[in-house]
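So you can see what is in the structure, the chains are spelled out below.
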Amino acid sequence: MPRDRFLKQSLGNNLYSQISQSRILVVGAGGIGCELLKNLVTTGFKEIHVVDLDTIDLSNLNRQFLFRHAHIKKSKALVAKETAGKFNPGVSIEAYHANIKDPQFNIEWFKSFVIVFNALDNLDARRHVNRMCIAAEVPLIESGTTGFNGQVQPIKPGQTQCYDCSPKETPKSFPVCTIRSTPSQPIHCIVWAKSYLFTELFGIGEDEAPELDHTEDSDNKEEIENLRQEAAALQKIRQSMGSQEFPRRVFEKVYSEDIERLRSMEDMWKTRKPPNALDYETLLPKATEIPPTIFQQDQRTWTLEENVAVFNSSLTRLSNRLDEAKAKSIGNAPPILTFDKDDKDTLDFVASAANLRSISFGIETRSEFDIKQMAGNIIPAIATTNATTAALCVLQAFKVLQGNVQKAKMVFLSKSVDRALDREDLRAPDPGCAVCGNARATLAFNPERATLGDFVNEVLKSKLGYSDELSIQTDAGLIYDPDLEENLSKKLSDLGVVKDSFVTIIDDDDDSPRINLILAVSEIDFPETSPPVVLVPEALQIPKKAKPTNGVTHSETNGHVEPAGQKRKRDADEAELETDNIRKRGKVAEQPNGTAITIDDDEGAIVLD
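Since the model is a prediction, treat every value here as computed from it, not as a measurement.

Glancing now at the pairing of strand S14 (residues 502-507). Along S14, six of the six residues are buried, which leaves the element largely enclosed by surrounding structure. Neither face of S14 is exposed, since Phe502, Thr504 and Ile506 on one face and Val503, Ile505 and Asp507 on the opposite face are all buried. Of the strand pairs in this sheet, strand S12 (residues 470-474) and S14 are connected by five bridges, and their pairing is antiparallel. Counted as the bridge partner of Ile472 is Ile505 from S14. Two elements, S14 and strand S15 (residues 517-523), share four bridges in a ladder whose sense is antiparallel. Residue pairing across strands places Val503 opposite Leu519, the latter belonging to S15.

In structure tokens:
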């Protein structure tokens, strides 16, 4: 008997044929990802690609059933490929132990998939995949869980709201004065290490950190200025990056000089215990004797000397990475590193730096595992919720694959006596959304010839009809506006406009501005006789921004999504009407719990509504 006999009978020949020919992507191989891979493999998908940067930890084993104790410290993606493949040897699974934000996963790569499943646990990565799917015009099944609550959102570019159409909860921020001068909890030291020290040494500076509250009230204003002065001093130390003195200089600056300066403010310590400065010369001999195995011991709390050893090692590793990035960089935009809880180098730095600060202030230190949960805002998951959410992802994907997006629903799972599953219709895209409420095209240019002036004058103004009131932003920042004309003679490649990056055109016309235009950058070797900059497609209609109505814009009225447990309920008339419609579509057997089972006369498929 053929292996897929019952699959064809259950799904119907047409849907099964679509499934077997679909090339799909799963981003994340954790709680939801493991369940999702199992479902996809056993449902008949033949080509599956899975991306995950994380490695398997002991704490994963209670709910990520594709992994066993022997897999600890191994790649989640690679082990998931091996284990899930055993459910159906005829399936081809391609695994990537990598960050989905890596350049290799560009727009063209996303375009190669029929559908993408998000099984991620952090906001930044979710938004990145959402942005890439919108640019590539590929359907996305977004999902997430929080304890007993789960949510599945089918996203069809141009037809439904995207992930960023609805407002997300703002991460908690901490006053700068608390983070800089008077920490009292481990989280204060973790935020200091992640959002201040790390960004000053390897990023773009703490001014962009969302976890630091820069509101200049009476208590915070002076501390913000002091923090800026300290940041300037760190920028000088940053120039010695790569040398043997770099770890020493950083350590002495933040754990000796800065602490001594705080201790000198006697009024600050009248009601609290002052911090203690740490001496690098005293700690270094014992720190150098710490064996490398300490880096793998993330379940226990490190000693003072062990934290110094991890601190020095992580600084060296991160310095080397930044030097390599500089060697490969193109253009004037300096390369930077960003914190990722699944990146061992950045996590080692934040964990050790936070613990050293905690020791200085007499605060309880934490294990690297605990710091990973706090720094990455990880929420504990429940296996049953993950399994149910993954199953709902596949059911909604069936509707998208069949082209029945109008029948797809946003589904909510909650711990409720009355109704564990709730659903609502998908909404139209929000015109005010910063991601999908934009016009999109491809910008192709010759990096050896094309200047910003060519792009502004020949494309934006001549062909698209923009006025002088416009601004251009890249991933690195603003490169053009009416007051920044000195960049016009520079090459686009020197301004950070490189392959697989994005350029945003903002119409600043006061009377009738257009919506933003987002261009995906592609480099092409043009003939000498061709224009150095080309838009694809060349004929592009960019709609005007919707005018506010009664002081409330369209995006403000459509951007709200109610939390799980508070979704609108269907009244009795709607339920009765839906049941009548089901009866008309096929032969219906009413079950005691009210579930309707429909037999599709054309294909013999069994459909649960």
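All chains considered together, the criterion is met by 28 salt bridges. Note that Asp348 and Arg317 form a salt bridge whose closest N and O atoms lie 3.0 Å from each other. With Asp348 in helix H13 (residues 344-360) and Arg317 in helix H12 (residues 304-328), the pair connects residues that are 31 residues apart, well separated along the chain. A salt bridge links Arg321 to Asp343, with the shortest nitrogen-to-oxygen separation between them at 2.9 Å. Highlighted residues: Arg321 in helix H12 and Asp343 in the loop between H12 and H13, separated in sequence by 22 residues.

Within this structure's numbering, the places UniProt gives as "binding site: Zn(2+)" (unreviewed entry) are Cys162, Cys165, Cys433 and Cys436. A maximum C-alpha distance of 8.4 Å is found for the annotated residues, which run over 275 residues; spatially they form one tight group. Within the secondary structure, Cys162 is located in the loop between strand S6 (149-155) and strand S7 (174-175). Setting aside its immediate chain neighbours within four residues, Cys162 contacts Asn130, Ile134, Gln153, Ile155, Cys433, Val435 and Cys436. Among the structural elements, Cys436 can be located in the loop between strand S10 (421-425) and strand S11 (439-445). If near-sequence neighbours (up to four positions away) are discounted, Cys436 is found in contact with Ile134, Cys162, Cys165, Pro429 and Asp430.

Calculation notes
Residues numbered from 1 in each chain as written. Predicted model: local features only at pLDDT ≥ 70, side-chain atom pairs only at ≥ 80, totals over all residues. Heavy atoms only, no water. Buried < 20%, exposed > 50% of the residue type's maximum accessible area, 1.4 Å probe, protein only. Helix = DSSP H or I, 4+ residues; strand = E, 2+ residues; numbered from the N terminus. Pairing = 2+ DSSP bridges. Salt bridge = Lys/Arg side-chain N within 4 Å of Asp/Glu carboxyl O. UniProt positions renumbered as here; feature names shortened; annotations may be inferred. Contact = heavy atoms within 4.5 Å.

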